[in-house]
Amino acid sequence: MQATQQQTGSYLKDLTRRARTWLMLSAATSSIACILFILQLCALAALVDNLTFKGQPLNTSVTDCIIILALSVSSFIFQWLADMTGKEGGLHISASVQRDALIHLTKAGPAGCAKQPAGQLITTMTEAAEALEPYFSQYIPRAVMMVVLPIVILGIVFHFDIW
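Residues numbered from 1 in each chain as written. Predicted model: local features only at pLDDT ≥ 70, side-chain atom pairs only at ≥ 80, totals over all residues. Heavy atoms only, no water.

1. Some details on a nonpolar patch on the surface
- Judged by side-chain polarity, L69, V73, I77, W80, L81 and M84 come together as a nonpolar surface patch covering roughly 580 Å² of accessible area.
- Within the secondary structure, W80 is located in helix α3 (residues 62-113). (Patch = residues over 30% accessible without salt bridge, like charges linked within 9 Å, V, L, I, M, F, W, Y side chains within 5 Å. Areas by Shrake-Rupley, 256 points an atom, 1.4 Å probe, with all protein chains shown as cover. Salt bridge = Lys/Arg side-chain N within 4 Å of Asp/Glu carboxyl O. Helix = DSSP H or I, 4+ residues; strand = E, 2+ residues; numbered from the N terminus.)

2. Side note on the packing of aromatic side chains
- Going through the model one piece at a time under the given rule, you end up with 1 aromatic pair.
- Centre to centre, the rings of Y135 and Y139 are 5.4 Å apart; their planes meet at 20°, and the pair counts as stacked. Residue Y135 and its partner Y139 are both found in helix α4 (residues 118-160); the two are separated by 4 residues, about one turn of the helix.
- On the accessibility criterion, Y135 (33% relative accessible area) is partly exposed.
- Of the residues examined, Y139 reaches a relative accessible area of 47% and is grouped as partly exposed. (Phe/Tyr/Trp six-rings, centres within 6.5 Å; stacked < 30°, edge-to-face > 60°. Buried < 20%, exposed > 50% of the residue type's maximum accessible area, 1.4 Å probe, protein only.)

3. What to know about the nonpolar core
- In terms of nonpolar packing, the biggest core is built from 8 residues, these being L15, A19, L23, I93, V97, A129, L132 and F136.
- Among the secondary structure elements, those contributing two or more residues to this core are α3 and α4.
- The greatest single-element share of this core, amounting to 3 residues, is contributed by α4.
- In contact with A129, not counting residues within four places along its chain, are S94, V97, Q98 and T124. (Core = buried A, V, L, I, M, F, W, Y, C linked by side-chain atoms within 4.5 Å. Contact = heavy atoms within 4.5 Å.)

Here is the structure:
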């Protein structure tokens, strides 16, 4: 059981290396989207503070509203880019796994494939390889964001409220 888990882990690492550029780009754009979202929340908090506690009228805070809107749109754009680059990386990995399976079947030849049902081989080559795509296109970038988000929040809190 332990050897199978290690083999699976090393195989997933190898797959990650095949689409490293796309996944790194996805992680970077996801991190930028995360930072923009935190900045948007900081700007919104400053706007609420100015309006409620400092008594500024709303017409003097138009630029703050425009900044919040610009940060929001920028965050959405970068998150969309992160999703698209992650999807491209996942598709690249899925195609790579299908290509590897086809090469393996070609090397095995008809005698090696005769023991397996043809439907099972086709299902493995298509559905199983495509099932990897969401893992690489969605989970990996979100995992990076789960690491970046708390660090950025901690940095913002220390910036505003240093002991």
